[in-house]
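Observations on chain architecture
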Amino acid sequence: MSISRNKYDIVIIGGGMVGASLACALADSTLSIAVIEGLDPSGEWPADSFDIRVSAITRASESLFRRLGAWPAMAAMRVQSYEAMDVWDATGTGHIHFDAAELGEPNLGHIIENRVITLALLQRLRQHDNIDYRCPVKPKRLILRSNHAQLQLDDGGLLQATLIIGADGAHSWLRQQAGIEVQERHYQQTAVVTTVQTEHHHEDTAWQCFLPSGPLAFLPLPEGRSSIVWSTSAEEAERLLALDDADFMSALGEAFMHRLGSVTGVGPRGAFPLKGRHAKEYVKPHLALVGDAAHTIHPLAGQGVNLGLADVEELAAVVLEAHHAQRPIDSFKTLRRYERARRGANLLMLDAMGAFKALFSNDTPGLRELRNLGLNLADHAGLLKRLIVAQAMGLSTLSTSLSGKP
Ligand SMILES: Cc1cc2nc3c(=O)[nH]c(=O)nc-3n(C[C@H](O)[C@H](O)[C@H](O)COP(=O)(O)OP(=O)(O)OC[C@H]3O[C@@H](n4cnc5c(N)ncnc54)[C@H](O)[C@@H]3O)c2cc1C
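Now for a look at the structure at hand. (Residues numbered from 1 in each chain as written. Predicted model: local features only at pLDDT ≥ 70, side-chain atom pairs only at ≥ 80, totals over all residues. Heavy atoms only, no water.)

What follows concerns the pairing of strand E15 (residues 225-232). Among the eight residues in E15, eight count as buried, and that is most of the element. Burial along E15 is two-sided: Arg225, Ser227, Val229 and Ser231 facing one way and Ser226, Ile228, Trp230 and Thr232 facing the other are all buried. Inspection of the sheet shows strand E12 (residues 182-198) paired to E15 by eight bridges, in the antiparallel sense. Bridged to Val193 within E15 is Val229. Connecting strand E14 (residues 214-220) to the antiparallel partner E15 that follows it, the hairpin turn spans four residues, and Glu223 within it adopts a positive phi of roughly 60°. (Buried < 20%, exposed > 50% of the residue type's maximum accessible area, 1.4 Å probe, protein only. Helix = DSSP H or I, 4+ residues; strand = E, 2+ residues; numbered from the N terminus. Pairing = 2+ DSSP bridges.)

Attention shifts here to the environment of Asn114. Looking at the element boundaries, Asn114 is found in helix H4 (residues 114-125). Between the alpha carbons of Asn114 and Gly16 there is a distance of 8.9 Å; along the sequence they are 98 residues apart. The contact partners of Asn114, leaving out residues within four places of it in the chain, are Met17, Asp51, Arg53, Val54 and Ser55. (Contact = heavy atoms within 4.5 Å.)

Before going further, it helps to spend a moment on the site of the ligand. As a structural note, the neighbourhood of the ligand is formed by 31 residues, with Glu37, Ala56, Asp292, Val305 and Asn306 the closest of them. Contact distances for the ligand include 3.0 Å between an oxygen atom and a side-chain N or O atom of Arg53. Gly304 is positioned with one of its backbone polar atoms (N or O) 3.3 Å from an oxygen atom of the ligand. Protein coverage of the free-state accessible area of the ligand, which is 1,000 Å², stands at 83%. At the level of secondary structure, the elements contributing two or more residues to the shell around the ligand comprise helix H1 (17-26), strand E3 (54-57), E12 and helix H8 (304-324). The residue makeup of the shell around the ligand, split by class, is 16 nonpolar, 10 polar and five charged. (Near = heavy atom within 4 Å. Polar contact = N/O pair within 3.5 Å; in protein donor to acceptor, adjacent residues only side chain to side chain. Areas by Shrake-Rupley, 256 points an atom, 1.4 Å probe, with all protein chains shown as cover. Nonpolar A, V, L, I, M, F, W, Y, C, P; charged D, E, K, R; others polar.)

Now the structure itself:
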């Protein structure tokens with residue numbers, strides 16, 4: 001059990017999936033770390049209830065969770081591997097199927113409830129004596145001094161830190177306080193999310209159908225349930241939320257072309273307006289942003305938190321290297337290395353998802369035929385398929401994919 005103090009090497013604002021991972025990644029050191037989290041995480045839930053928020057976790061992110069020592073707790077709670085991905089265009093014949101067995105892999109990734117991920121990380125975080133977890137508390141004021149930063153908290157506390165990291169999500173308080181601007185992309189879509197039971201088993205497959213109004217995903221969960229991410233216009237999302245359960249299940253089954261038979265049960269529904277955001281700067285002296293605080297992306301390829309976890313790996317490596325070499329962990333020079341390593345990669349993914357979303361939302365006949373042809377060609381192109389799947393699993397670099405070693 002750690003003892004709360006007021007002076008730290010690092011204060012992380014936000015103890016979500018990314019902030020908690022970062023704290024664990026930095027913990028194996030002599031650094032003193034505080035995580036401040038505004039919302040009390042729910043530690044318990046009824047056994048038969050599923051979180052409406054889930055994440056497709058890539059193999060690369062699984063490997064990070066294993067190294068952080070959090071994977072066994074997640075696996076013991078509830079995770080679902082997916083062994084195949086099936087993607088098709090509802091307006092034509094375009095179809096592509098990825099199978100882990102064809103690639104010699106045990107699976108393509110896991111679908112995990114966000115609350116399971118967070119709870120496992122918090123359990124791990126609490127085992128480190130050099131991390132203080134302060135919750136529920138929020139920062140009220142940021143004061144930047146020449147050699148440190150101060151945070152006034154809403155419980156009256158005052159923290160001093162060499163480095164402050166914003167892992168406080170899409171509407172990051174730290175990003176706003178630091179005057180860091182964001183570039184926004186309006187996807188003009190809202191994601192309706194829920195958990196369903198279907199007539200047929202999901203076959204451990206992640207299914208995604210591109211409708212003209214947006215992608216509809218059925219992601220496999222334990223006990224044969226599926227997590228739904230249905231991206232559509234804001235008006236249609238409002239209409240779907242207002243339907244009673246029977247009408248919603250019927251609309252969902254029809255939109256999904258009854259691939260898993262009828263939808264036979266549905267849990268609570270929620271909606272998330274989708275917007276792409278990219279911070280113009282990730283770092284300033286004494287400050288860094290990670291995860292959704294730095295970038296948000298359309299969920300169609302399930303990459304958001306995986307990009308945040310890649311930020312975690314890079315930022316932790318840069319900070320730990322500086323600390324071991326007795327160089328300042330908060331200097332612009334040190335932190336810029338993290339920004340240089342991650343900003344380009346995140347921008348590439350944001351651009352790719354933007355283009356993908358635009359391509360599949362466009363119903364111009366010529367384009368529709370072209371993308372259907374493209375999907376079918378990609379389905380038969382071994383190397384291209386390997387590259388796509390390696391990227392989706394977070395294992396990709398062009399050279400390793402080309403050499404056949406993911
Ligand atoms: C519908 C949908 C589906 C998605 N599916 C996937 C998927 O399949 N795979 C994937 O990789 N990604 C997915 N994502 C993206 C993923 O959910 C986010 O990328 C991820 O939640 C970001 O984690 P984070 O820790 O950076 O931010 P958050 O999850 O937003 O966590 C931020 C934390 O900071 C706390 N906080 C905020 N402000 C303050 C403050 N001022 N003081 C103290 N604490 C504060 C919050 O309470 C929270 O705990 C999806 C997103 C959506 C909307």
